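# Examining the three-dimensional arrangement
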Amino acid sequence: MSDGSEGAGTPHRDPAWVMRTYAGHSSAAASNDLFRRNMAKGQTGLSVAFDLPTQTGYDPDDELAHGEVGKVGVPVSHLGDMRALFDGIPPWETNTSMTINATAMWLLALYQVVAEEQAAAAGGELDEQLLAGLTGTTQNDIIKEYLSRGTYAFPPAASMRLTTDVIAYTVAAVPKWNPVNICSYHLQEAGATPVQELAFSLCTAMAVLDSVRESGQVPEQHFAEVVARMSFFVNAGVRFVEELCKMRAFVRLWDEITAERYGVADPKARRFRYGVQVNSLGLTEAQPENNIGRIVLEMLAVTLSKDARARAVQLPAWNEALGLPRPWDQQWSLRLQQVLAYESDLLEHDDLFAGSTVIEAKVDELCTQARVEIERVLGMGGAVAAVESGYLKSALVASHARRRARVESGQDVVVGVNRFVETEPNPLTADLDAAIQTVDHRVEEAAVAAVREWRAARDQHLADLALERLRAVARTEENLMPATLDCARAGVTTGEWAGVLRQVFGSYRAPTGVGGSVGVVEAGPELDAVRAAVRRTGEELGTRLRLLVAKPGLDGHSNGAEQIAVRARDAGFEVAYQGIRLTPAQIASAAVEEGVHCVGLSILSGSHRELVPEVLRLLRDAGVGDIPVVVGGIIPDADARFLREQGVAAVFTPKDFGITAIVAALVEQIRRANGLNPLEAAPA
C-alpha cells in the first residue's frame, strides 16, 4: 500500500488537505494535552474551540459566564492562558484555526505575543520574517453571528471595524494568515437553503471587502492581497450531489465577484479557498451510529471534486448529538479522513466531474438563483443593512421552519428518526454516561480563582495605561490592533478588553426573526388539534395562553428556541421571546411581568445543570414556582433525571423532532399545573 510518496511506478498524488479536529475544553492545560495527542495521531492542523465567555468577551468571574466556563471550548482569559494552550507547540510550526469572532482581534494578539515569547525563549526574536511565516485563520465573520451562533459582542458597524482592522493589520504584518473566515457553515445550521447559503455568505464577503477598501488602510495596489487572504468556512450536508454542486457554484461565483466587482486580475488571488466542517446539527441522537455514514457522505461532497476541494477538513464525532466527544471519538473522525486521503486513490486523479452535464446543470441552477438573491441583498444596502433590518434572520428562520415541517411530515426522511426507527440495543451507548465526556464542575471554580490571581499579580499601572490607550484609540479611526497588542502584553484580561470596547461602542441585541416567520408552515390535522387545545385551555383559564421562551447564559445557538416560538405562535400562544443571552434573574423577572403560563428554556452549551436550578429558585422566590418549566437541549439522560428532580416539568432533546408535538405537550403541562383535566396524551 502506498504511503503517498512517489517512486518508480507510483502515480502522482496531490497533497492531502489539512486535517483537523475541533477541540478544546475545561482548561488551557487540558486542551494543550489534547492538541498534542491529536497531532501525534496524524492531525496536521489545529482547530481551537474557545468557550462561550471567551468568544463573547467575558471573564470567568462575570455573572453571564456562570455555568459556561470550559463547557464548549477552552477558556482563555489572558496571556497566561494562551501560553499554557500552546506550551510546547511552536505557533510558526503549525497551521492554527481559531473559531473566534467578536474577540478575534484579542485572541490573535495573544497568539502573536505567545509566538514572540516562544521565539525569544528559543534564543531568537520573532522578527518580521518569522512573523510573516505564521499560518492559520481567525474565523472573524461577525455578520453570521447576528444570524446564527449569537456570539457577537458589539453592534454591527463597530464589529465590522474590528474585522477591517484585523485584515488591514495582518495583510501587512502577518501576510500568510487568513484574517477572516466567511462562514456559510452556520447559515446552513440556521436553516439556509443552498441558494441562501451561497448568496448570504458571498454578500458578507463583499461587505467585508468593501469595508476594507473604504477604510483606506490598504493601498489600492495591494488590495488583491486582501482578496487572496479571504477564506471561507463551509457546511456540507447529507444531500451529497447538491452539496458538491454548491461548492462548484461557490468557486464560479467567487471568481466572478472578485474579477468584476474588485478588478482582481490574478486567477490565484481569485481562488475560492475554504475549510469545512460537515454538518453537526444534522447528526441524530436516535441511532447515533448512523452518523458515521452521514459524516462520510458529507466529507465526500467536499473532497471528491478536485476543482472545488476543501483546503482543510474537520469532522464532527458520531456522538456530538449526545454530548461532548471523548478523545477516542475524535480519533475515529480523524481516521475517516486519513483512510480517504491515504488508502484510496482519490488524490491521484484530475477532477472527476468535469464535463458532467448533470453536475453542470445543477451548478448553473444554483448560480442563477444565488445571483438573484445577491442582488436582492445588495439592493437593501448590503449584508450589514440586511442584518439590521431583520431580513436575513427572518429568511433563515422561515427556511428552517419549512425544513423542520418536512421532517415532521416525513417528506424529508431522517433514518432512525422519522423512518426505520426499529433498532437493536446499541453497544456504543449501552453506558450512556460513559459514551460522552463531561466537564468537571470544579473547572469554573478554578478558572474564577485563576483570573483573580492573575489580576492581583500583574502590574496594574501598566494594565490601566493599556486600557486607557485602547479606549482612546477606539474613539478614533486608528487601527485598534497595536493598542490591543499592548493590552495583551500588559496582562489585560479578555473581559477587560471587551468591556472597554462595550463602553465605547455600546451593546446590541440582534433581531430574532421570529415575528416574520409565523405562518410559513401549512396547517394540518395535528396543528389544528393543538390550536383547538390552546383555545380551549385559554377559555377554561379565562385568558390567552402565554409562553416565555428563553435562552439563559451565553449559548447563542437559538435555532431550536426560535422554531418553538414560531410554532407556538402558529398554535395560538402569545409568545414572549427576547433572544439570547439572558441571566436567570432576567428570565424570572420576565416570567412575572409577562404573566406567562409556561417557561421554556433552551440550552445547548451544557450549562443546564447550573442555570436551570437557578431559574427555578428565582421563580419560587418570586412566588410563581408553580409555573411549569420545560427544558430543551443536548441533555444526557442522567442530567435529565437531575433536572426533573429539581422541579423541571419536562425535558426535550434532539430526538424529540416533532415541534407540534412539543407544543401539544406544553399545553398539557399547563393544564396539569392549573388542575385541569388532560385533553390527550402528550410526550413528557
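Refer to the structure above for everything that follows.
Residues numbered from 1 in each chain as written. Predicted model: local features only at pLDDT ≥ 70, side-chain atom pairs only at ≥ 80, totals over all residues. Heavy atoms only, no water.

### Focus: the overall build of the protein chain
Our working definition: Helix numbering and strand numbering both begin at the N terminus, where a helix is a DSSP run of H or I of at least 4 residues and a strand a DSSP run of E of at least 2. Working definition: with a 1.4 Å probe on protein chains only, accessible area under 20% of the residue-type maximum means buried, over 50% means exposed, and in between means partly exposed. Only heavy atoms enter the contact rule, under which two residues are in contact if any of them lie within 4.5 Å. Values of accessible area rely on a 1.4 Å probe in the Shrake-Rupley scheme; residue burial ignores everything except the protein chains shown. Only four residue types enter the charge count: Lys and Arg as positive, Asp and Glu as negative, with His and the chain ends excluded. The atom standing in for a charge is NZ when the residue is Lys, CZ when it is Arg, CG when it is Asp and CD when it is Glu.
Secondary structure summary: the protein chain contains 25 helices and 15 strands in total. The dimensions of the protein chain, computed from C-alpha atoms along their principal axes, are 75 × 65 × 55 Å. Expressed as a percentage of its 684 residues, the buried residues of the protein chain come to 59%. A separation threshold of at least 6 residues defines the contact pool for the protein chain, and within that pool the share at least 24 residues apart is 79%. Counting every atom, the protein chain has about 26100 Å² of accessible surface; 51% of that belongs to carbon and sulfur. Within the protein chain, the 88 negative side-chain charges are centred at a point lying 2 Å from the centre of the 64 positive side-chain charges.

### As for the pairing of strand β14 (residues 629–633)
Heads up, the rule is: Pairing between strands is defined by DSSP: at least two bridges between them are needed. By convention, orient the strands away from the viewer: a clockwise path from the first strand over the helix to the second makes the crossover right-handed.
For β14, the buried fraction is high: five of the five residues fall into the buried class. Going residue by residue along β14, you find Val629, Val631 and Gly633 tucked away on one face and Val630 and Gly632 tucked away on the opposite face as well. Two strands pair when backbone bridges link them, and strand β13 (residues 598–603) and β14 are joined in this way by five bridges, in the parallel orientation. Note that in β14 the partner of leucine 601 across the bridge is valine 631. Chirality of the crossover, the property in question, places the unit of β13, helix α23 (residues 608–621) and β14 among those that are right-handed. Bridge count for β14 against strand β15 (residues 650–652) is three bridges, and the pairing is parallel. Bridged to glycine 632 within β15 is phenylalanine 652. Read from β14 through helix α24 (residues 637–646) to β15, the crossover connection turns out right-handed.

### Focus on the sheet that holds strand β2 (residues 22–23)
Taken in spatial order, the five strands of this open sheet run β2-β3-β4-β5-β6, and their pairing is parallel. A strand with exactly one partner marks an edge of an open sheet, and here the two such strands are β2 and β6 (177–178).

### Considerations on the state of the cysteines
By definition, a disulfide links the sulfur atoms of two cysteines through a covalent bond. Our working rule: Any two cysteine sulfur atoms lying within 2.5 Å of each other are counted as a disulfide.
By the definition in use, this model includes zero disulfides. Left without a disulfide partner, cysteine 183 is nearest to the cysteine sulfur of cysteine 203, which lies 16 Å away. Sulfur of cysteine 203: no disulfide; nearest cysteine sulfur belongs to cysteine 367 and is 14 Å away. Residue cysteine 203 is classed as buried on the basis of its relative accessible area of 1%.

### Quick word on the packing of helix α21 (residues 559–570) against helix α25 (residues 659–673)
As a reminder of what qualifies: Helix axes are fitted to C-alpha atoms over the stretch in contact, other axes to C-alpha atoms as well, and angles between N-to-C directions run from 0 to 180 degrees. By the definition adopted for this analysis, an angle is roughly parallel if under 35 degrees, roughly antiparallel if over 145, roughly perpendicular if from 65 to 115, and oblique otherwise. Each crossing is labelled by how the near helix is turned from the far one, with a counterclockwise turn of less than a right angle marking it left-handed and a clockwise turn marking it right-handed. Under this grouping Gly is polar, as are all residues other than the nonpolar Ala, Val, Leu, Ile, Met, Phe, Trp, Tyr, Cys and Pro and the charged Asp, Glu, Lys and Arg.
Packing of α21 against α25 brings their axes to within 10 Å, and their N-to-C directions diverge by 70°. In terms of orientation, α21 lies roughly perpendicular with respect to α25. Crossing angle aside, the handedness with which α21 passes α25 is right-handed. Contacts between α21 and α25 involve Gln563, Ile564, Arg567 and Ala568 from the former and Ile659, Thr660, Ile662 and Val663 from the latter. A class-by-class count of the residues in the contact of α21 with α25 yields five nonpolar, two polar and one charged.

### A few points about the nonpolar core
To be explicit about the condition: Only buried Ala, Val, Leu, Ile, Met, Phe, Trp, Tyr and Cys residues count toward a nonpolar core, and they belong to the same one when joined by side-chain atoms within 4.5 Å.
Formed by 174 residues in total, the largest nonpolar core has its most connected members in Leu85 and Phe573. Here the element with the most residues in this core is helix α8 (residues 194–215); it accounts for twelve residues. Ignoring sequence-local partners within four residues, the contact set of leucine 85 consists of Ala28, Ser31, Asn32, Phe35, Val48, Phe50, Val74 and Val76. With 28 residues, the next largest nonpolar core counts Leu548, Ala591, Leu618 and Val651 among its residues.

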